[in-house]
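Each chain is listed here by its residues.
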Amino acid sequence: MGSLAQRIQGLATMNSLLRLIPFTLLLLVVGCGARTYPLPSKLDQGPRQPLQTYRPYNIAHRGSNGELPEETAPAYMRAIVEGADFIETDILSSKDGILICFHDVTLDATTNILDHKEFAHRKATYEVQGANVTGYFVVDFTWAELQTLRTKQRYPFRDQQYNGKFSIIKFEDYIAIALNAPRVVGIYPEIKNPVLINQHVKWANGKRFEDMFVDTLKKYGYKGSYLSKEWLKQPCFIQSFAPTSLIYVSNQTDLPKIFLIDDVTVPTQDTNQSYYEITSDSYFDYIKKYVVGIGPWKDTIVPVVNNYLQTPTDLVARAHAHGLQVHPYTYRNENQFLHFDFHQDPYNEYSYWLNEIGVDGLFTDFTGSLHQYQEWNSQSKDTKLLHKIAEMLRGY
């Protein structure tokens with residue numbers, strides 16, 4: 001863990017980096033949409049600072065998307081500078097089978113698609129998870145066409161100055177960013193909406209979306225079970241809301257997998273199972289053969305009424321009893337997302353979930369806030385230990 005002095009120095013260095021990273025450079029490097037970072041297969045890096053495994057993981061949800069448009073190269077770069085253990089992404093496919101980093105199945109909310117009148121006729125309605133959805137679907141655009149679009153912030157109350165600056169990136173680009181980091185940074189890609197993707201995109205030799213997903217990870221050396229030597233060199237969690245996809249890829253890779261769990265009203269997209277079925281002890285006994293943990297929506301762990309926390313459920317305790325980690329989502333700094341119990345202070349929220357609920361990782365839109373909280377909290381514990389040692393030495 002290092003000495004207290006080393007921890008303080010490390011935090012000071014991180015804060016200095018945060019001040020010095022020039023965002024104008026990021027705009028120049030990534031805004032044009034061309035690949036400007038080396039492919040990971042061409043890298044020849046020496047020893048790097050290893051992944052920390054002694055405290056809950058800081059998972060950068062779609063990058064540092066509280067500050068920059070989600071799932072973009074600058075958002076992932078920023079998250080790494082801010083101290084993320086893992087950078088998280090959602091993987092979809094273009095019409096021509098290129099795997100990309102993008103959350104929504106439609107382009108409407110986080111790109112400037114509506115400014116591209118040449119694509120006006122592409123608007124469509126498809127069934128997605130049992131409901132009809134209308135919009136400009138990712139699967140109806142080739143990779144070349146997607147590259148003409150630019151991203152924007154999802155929420156109007158977040159910084160809008162980077163709207164229109166950054167392009168959509170490939171799965172491979174995201175991997176390159178992680179492998180180019182100055183320290184070991186894990187990746188946390190999601191097999192996103194596999195039912196829809198497999199319906200609309202076809203690959204050669206009868207391959208499925210899940211096959212292409214795993215093939216990409218293998219191409220760049222991602223392998224190994226949780227905490228194995230191979231895994232610690234290139235950490236990766238595979239996540240999905242679709243249990244059949246997780247089971248399918250379990251036959252292709254031993255990388256650890258996380259079963260994502262939606263709200264209590266939402267059934268699984270591929271098996272149509274209820275929340276209560278997939279969080280039962282019998283189901284945990286079944287799914288733990290394939291996954292190392294679950295990723296539930298945080299309000300299913302601690303229910304909320306009128307924006308106040310209610311009595312926590314036993315979900316975390318039962319998952320832990322079955323040997324499963326718990327990585328809830330999503331933690332956001334803004335008052336719109338903070339429950340009244342936390343008095344508009346995201347550090348209070350982090351403290352509650354890490355110290356009282358006892359989760360094993362957090363998906364956050366604000367990586368820097370979680371990192372600083374964990375650093376300061378660790379230093380406080382070190383300081384208390386030093387005081388205890390000093391008191392003991394006074395007796396001699």
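The structure this text deals with has already been given above.
Small disclaimer: the values here were computed from a predicted structure and weren't measured. (Residues numbered from 1 in each chain as written. Predicted model: local features only at pLDDT ≥ 70, side-chain atom pairs only at ≥ 80, totals over all residues. Heavy atoms only, no water.)

(A) Inspection of the nonpolar core at higher detail. Of all hydrophobic cores here, the largest spans 96 residues; its most connected members are Ile 87, Leu 107, Leu 217, Tyr 222 and Trp 353. Residue contributions to this core peak at 6 residues, all from helix H5 (residues 171–179). Leaving out residues up to four positions away in the same chain, Trp 353 has contacts with Lys 298, Ile 301, Val 302, Pro 328, Tyr 331, Phe 342, Gly 358, Val 359 and Leu 362. (Core = buried A, V, L, I, M, F, W, Y, C linked by side-chain atoms within 4.5 Å. Buried < 20%, exposed > 50% of the residue type's maximum accessible area, 1.4 Å probe, protein only. Helix = DSSP H or I, 4+ residues; strand = E, 2+ residues; numbered from the N terminus. Contact = heavy atoms within 4.5 Å.)

(B) Looking closely at the packing of helix H7 (residues 209–219) against helix H9 (residues 243–250). Close contact between H7 and H9 brings their axes to 10 Å; oriented N to C, the two are set at 50°. Judged by the angle between their axes, H7 and H9 are oblique. With respect to the hand of their crossing, H7 and H9 are arranged in right-handed fashion. The segment H7 lies against H9, with Glu 210, Asp 211 and Val 214 engaging Ser 245, Tyr 248 and Val 249. Residue composition of the contact of H7 with H9, by class: 3 nonpolar, 1 polar and 2 charged. (Axes fitted to C-alpha atoms, helices over the stretch in contact; angles between N-to-C directions. Parallel < 35°, antiparallel > 145°, perpendicular 65-115°, else oblique. Left-handed = near helix turned anticlockwise from the far one by under 90°. Nonpolar A, V, L, I, M, F, W, Y, C, P; charged D, E, K, R; others polar.)

(C) Broad picture of the pairing of strand E10 (residues 293–296). Judged by which residues are buried, E10 turns out to be covered on both faces: Gly 293 and Gly 295 on one side and Ile 294 and Pro 296 on the other are all buried. Strand direction decides the pairing type here: strand E9 (residues 257–261) and E10, joined by 4 bridges, are parallel. The residue bridging Ile 261 from the neighbouring strand is Pro 296, located in E10. (Pairing = 2+ DSSP bridges.)

(D) A look at the side chain of Gln 325. Its place among the elements puts Gln 325 in strand E13 (residues 325–326). A distance of 3.5 Å separates polar atoms of two side chains, one belonging to Gln 325 and the other to Tyr 226. Setting aside its immediate chain neighbours within four residues, Gln 325 contacts Tyr 57, Tyr 226, Phe 237, Val 292, Gly 293, Ile 294 and Asp 360. (Polar contact = N/O pair within 3.5 Å; in protein donor to acceptor, adjacent residues only side chain to side chain.)

(E) Structural detail: the packing of aromatic side chains. Across all of its chains, the model carries 34 aromatic pairs by this definition. Between the aromatic rings of Trp 231 and Phe 237, the centroid separation amounts to 5.6 Å while the plane-to-plane angle is 70°, which identifies the pairing as edge-to-face. For the pair Trp 231 and Phe 237, a shared accessibility class is recorded, and that class is buried. The side chain of Lys 298 reaches across the aromatic face of Trp 297, ending 5.7 Å from its centre. Between the NZ or CZ atom of Lys 298 and the centre of the ring of Tyr 331, over which it lies, the distance is 5.4 Å. (Phe/Tyr/Trp six-rings, centres within 6.5 Å; stacked < 30°, edge-to-face > 60°. Lys NZ or Arg CZ within 6 Å of the ring centre and 35° of its normal.)

(F) Structural detail: H5. Taking burial as the measure, the 9 residues of H5 include 9 buried ones, the bulk of the element. Residues of H5 that are buried include every one of Phe 171, Glu 172, Asp 173, Tyr 174, Ile 175, Ala 176, Ile 177, Ala 178 and Leu 179, and no others. Summarising the contacts, the buried residues of H5 are in contact with helix H3 (73–81), strand E2 (86–93), strand E3 (99–101), strand E6 (169–170), strand E7 (186–191) and H7.

(G) Spotlight on H3. Across the 9 residues of H3, 8 count as buried, placing the element largely inside the fold. All of the buried residues in H3 are Ala 73, Pro 74, Ala 75, Tyr 76, Arg 78, Ala 79, Ile 80 and Val 81. Gly 83 lies just past H3 and shows a positive phi near 110°.

(H) View of the side chain of Thr 330. Within the secondary structure, Thr 330 sits in the loop between E13 and helix H14 (346–357). Those residues in contact with Thr 330 that sit more than four places away from it in its chain are His 61, Trp 297, Lys 298, Phe 363 and Asp 365.

(I) Summary view of the pairing of E9. For E9, a buried count of 5 out of 5 residues is recorded, marking the element as mostly surrounded by other parts of the structure. Once the chain exits strand E8 (residues 238–240) it traverses H9 before rejoining the sheet at E9, and the crossover so formed is right-handed. (Right-handed = clockwise from strand over helix to strand, strands pointing away.)

(J) Just the packing of H3 against H5, in detail. Running from N to C, H3 and H5 point in directions that differ by 20°, and their axes come no closer than 10 Å. Taken as axis vectors, H3 and H5 run roughly parallel relative to one another. Here H3 and H5 pass one another in a crossing that is right-handed. Here H3 contributes Ala 73, Tyr 76, Met 77 and Ile 80 to the contact with H5, which in turn contributes Tyr 174, Ile 177 and Ala 178. Residue classes in the contact of H3 with H5 are distributed as 7 nonpolar, no polar and no charged.

(K) Representation of unusual backbone geometry in the model. Cis geometry is adopted by the peptide bond preceding Thr 330, which originates at Tyr 329 and carries an omega value of -10°. Of note, the phi angle at Gln 129 is positive, near 50°, even though the residue is not glycine. Inspection of the secondary structure puts Gln 129 in the loop between strand E4 (124–128) and strand E5 (131–135). Classification of Gln 129 as partly exposed rests on a relative accessible area of 44%. The residue Gln 344 is not glycine, and still its phi comes out positive at about 60°. Along the chain, Gln 344 falls in the loop between E13 and H14. Gln 344 gets classed as exposed once you look at its relative accessible area, which sits at 59%.

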